[in-house]
Amino acid sequence: MAKQLTLGKNERLKSRKGIEQLFKEGKKMIVAPYRVLYILEKSAKGSSLLFAAAVSAKSFKNAVDRNRIKRLTREAWRLQKNDLKKKTESANIQLNVFLIYTGKALPEYKEVFTKVGAVLNQLEKRVAE
RNA sequence: GCUACAAGCCAGGCUAUCGCUCCCCGCAUUGUGCGGGGGGAGGAAAGUCCGGACAGCAUAGAGCAAUGCACCGGUGAAGAGCCGGGUUUCGCGUAAUGCGGAAACAGAUAGUGCCACAGAAAAUAACUGCCUUCUCCCUCUCCGUCAGGAGAGGGUCGGGGUGAGGCUGAAAAUGUGAGGUAAGAGCUCACAGCUUUUGAUGGUAACAUCAUUCGCGGGUAAACCUUGCAUGCUGAAAUGCCACGUAUAGUACCGUUUUGAGGGCGGCUCGCCCAAGGUACAGGGUAGGCAGAUUGAUCCCGCAGGGUAACUUGGGGGACAGAUAAAUGAUAGCAUUAACCCGCCUGGGCCAAGGCUUCGGCGGGUGAAACAGAAUCCGGCUUAUCGGCUUGUAGCUUUU
RNA sequence: UGACCCAUGGUGUAAUGGUAACACUACUGAUUUUGGUUCAGUCAUUUAUGGUUCGAAUCCAUAUGGGUCAA
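Basis of the calculations
Residues numbered from 1 in each chain as written. Chains lettered and ligands numbered in written order. Predicted model: local features only at pLDDT ≥ 70, side-chain atom pairs only at ≥ 80, totals over all residues. Heavy atoms only, no water. Core = buried A, V, L, I, M, F, W, Y, C linked by side-chain atoms within 4.5 Å. Buried < 20%, exposed > 50% of the residue type's maximum accessible area, 1.4 Å probe, protein only. Helix = DSSP H or I, 4+ residues; strand = E, 2+ residues; numbered from the N terminus. Salt bridge = Lys/Arg side-chain N within 4 Å of Asp/Glu carboxyl O. Patch = residues over 30% accessible without salt bridge, like charges linked within 9 Å, V, L, I, M, F, W, Y side chains within 5 Å. Areas by Shrake-Rupley, 256 points an atom, 1.4 Å probe, with all protein chains shown as cover. Axes fitted to C-alpha atoms, helices over the stretch in contact; angles between N-to-C directions. Parallel < 35°, antiparallel > 145°, perpendicular 65-115°, else oblique. Left-handed = near helix turned anticlockwise from the far one by under 90°. Contact = heavy atoms within 4.5 Å. Nonpolar A, V, L, I, M, F, W, Y, C, P; charged D, E, K, R; others polar. Expected span 1.5 Å × (residues − 1). Arc of directions from axis to C-beta. Lys, Arg positive; Asp, Glu negative; His and termini not counted. Charge placed at Lys NZ, Arg CZ, Asp CG, Glu CD. Phe/Tyr/Trp six-rings, centres within 6.5 Å; stacked < 30°, edge-to-face > 60°.

A. Just the nonpolar core, in detail. By size, the foremost hydrophobic cluster in this structure holds 25 residues, and its most contacted members are Trp77, Val97 and Leu123. At the level of secondary structure, the elements contributing two or more residues to this core comprise strand 1 (27-31), strand 2 (34-42), strand 3 (49-55), helix 2 (63-80), strand 4 (93-101) and helix 4 (109-128). Considering each element in turn, this core owes the most residues, 6 residues, to helix 4. With 8 residues, the next largest nonpolar core counts Leu37, Leu50, Ala52 and Phe98 among its residues.

This is how it looks when you write it as structure tokens:
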């Protein structure tokens, strides 16, 4: 059980090409403080669920605050993402997700946890379709 | 004990659970996974204001331009940094010596520009004023042959002499006194101030003191500028290598032995050298990995020596982030500093009483929260910063 | 990471080192039965702090905020 709650290098979206494709062709949806970009592809290679997070430097001037939001977002994703991952694996679909925090105030961990859970629920519905 | 200032240090701790990244070992294993062990943000990592290391390109030479710096000595790899000294200046203070701070601190007789308002005038004269044995006019007196002459006084314009009297301003031609003159003026003299030359003494030097000598020509160079010195340009998105991949591919223009496009040359010109391809537009491909790259002018010391100090020599000691859409985190609990809240006790004050207020003590409860995140590395500077500890200085208070 | 630029009323712009100007907006008053038009007036610590200068929006230094460029 403990093994499954990981978020290593191979589960994060790291390639510049993948991100540019996501911004060009990906679909958008907005969940509370997050703007979500995602793209679905058949025939997954490697991990079937890739994830990245970002915060605008305009709304948070200090690097400390941006780092904290990204860390909280990653933590919430890490703890809740497994159900979605099982579905994508079983459907043999690759799903790339990019979360952008657009709020103006520093969030609490609990808030982030529930919001990321909502994002995951939405994505599960899209995957089911 | 409290308060203020200065210097130095620290920048929350422990436990559990779940995670991230790098290195080593073992096992499985080509990609990687699992297990064990170890390392993992700062005093400013920030701003990017200076200086370097390092790398690439350039490096026959000359001139011009551009940029920066500017008292002296030291320090250091270097600097617009730091340390010490000098000078000027500001504040405080004394009978006096002083104490503390600040300074882009070369040149204003090399030249040009600017100096609002006010003022006669802002640098060179004019205006006004003063003087005039110049000219003209008027009045008075005297002489006189009734043409005029002499003397005195006064006046306007013009000519000549004079230069700081004009008081406005931030700033007015060094100040005071005397002489001198038709009137005046450093024109002359005395004293004082500033400044130049030369010399002596002290000091490594800046400079100081004394003597001598030439002068007194406003301010502004953080206006242009002049003098001296320095500077090749570009910055890790530099740069080198490997892999993948496309169109041996289109259009226009310039040029190809001498008449030479362009390049070296990335500030410009001359000059030198190389030179057969070059420029623009449109389009296509890649955007992965490794090195650079983490041990270096590194840091520390109840050490020893040198130096006023910055700093340095020797010795010893252990320590050392390396991510790359970018790690160092999340949650829970415990104890606790400051702070806050509640209750009790004692003393003081107000008060008829009830009660209110305050210093201190005891008990209980809440309770980590400053500025801020490495991105090639290093030395400085600047800015942000809750709070704590140590040392020193000053003031107040208490006890002995 | 590196290089560079800007900041003036509420907004957009001016201003040789010498009284901070103009347009629009807002507000107040006058004119009008009322509104509009028109007229008059009000609204600036020139981002901040220091320095140079007799004098700084302007020149210099440092900081703050905003923006641009470089694969």
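B. Quick look at the pattern of salt bridges. What the rule picks out here adds up to 2 salt bridges. Between glutamate 75 and arginine 78 there is a salt bridge whose closest N-O contact spans 2.6 Å. Here arginine 78 and glutamate 75 lie together in helix 2, a separation of 3 residues that amounts to about one turn. Assessed through its relative accessible area of 29%, glutamate 75 is described here as partly exposed. When the shortest N-O distance is used, the salt bridge between lysine 87 and glutamate 124 registers 2.9 Å. A residue pair is termed long-range when its members are at least 10 positions apart, and lysine 87 in helix 3 (residues 82-91) and glutamate 124 in helix 4 qualify at 37 residues.

C. Focus on a nonpolar patch on the surface. Among the surface-exposed residues, Leu79, Tyr109 and Phe113 lie close enough to one another that they form a single nonpolar patch of about 220 Å² accessible area. Position of tyrosine 109 among the secondary structure elements: in helix 4. By relative accessible area, which is 31% here, tyrosine 109 ends up partly exposed.

D. Summary view of the packing of helix 2 against helix 4. The contact between helix 2 and helix 4 brings their axes to 9 Å, and the two run at 50°. Classified by the angle their axes make, helix 2 and helix 4 are oblique. Between helix 2 and helix 4 lies a crossing of right-handed hand. Of the residues in helix 4, those in contact with Leu72, Thr73, Glu75, Ala76, Trp77, Leu79 and Gln80 of helix 2 are Tyr109, Val112, Phe113, Val116, Gly117, Leu120 and Leu123. Residues of the contact of helix 2 with helix 4, tallied by class, amount to 10 nonpolar, 3 polar and 1 charged.

E. Quick peek at helix 4. For helix 4, which comprises 20 residues, the first-to-last C-alpha distance of 29 Å matches the rise-based estimate of 28 Å (1.5 Å per residue) to within 8%. Taken residue by residue, helix 4 has Val112, Val116, Gly117, Val119, Leu120, Leu123, Glu124 and Val127 as its buried positions. When helix 4 is viewed along its axis, its buried side chains cluster within an angular range of 165° and face the same direction. Residues Lys110, Lys125 and Ala128 are exposed on helix 4 and point more than 90 degrees away from its buried face.

F. Region of interest: a positive patch on the surface. On the surface, a cluster of positive charge is contributed by Lys9, Arg12, Lys14, Arg68, Arg71 and Arg74. Along the chain, the position of arginine 71 falls in helix 2. On the basis of relative accessible area, arginine 71 is assigned to the exposed category, the value being 54%.

G. Quick peek at the packing of aromatic side chains. Tallied over the full model, the rule gives 3 aromatic pairs. An angle of 15° between the planes, with centres 4.2 Å apart, marks the rings of phenylalanine 51 and tryptophan 77 as stacked. Highlighted residues: phenylalanine 51 in strand 3 and tryptophan 77 in helix 2, separated in sequence by 26 residues. Plain terms: the ring middles of tyrosine 109 and phenylalanine 113 are 6.0 Å apart, the flat faces sit at 50° to each other, and that makes the pair tilted. On the criterion of helical spacing, the pair formed by tyrosine 109 and phenylalanine 113 is a turn pair, its members being 4 residues apart in helix 4. Residue phenylalanine 113 is classed as partly exposed on the basis of its relative accessible area, which comes to 31%.

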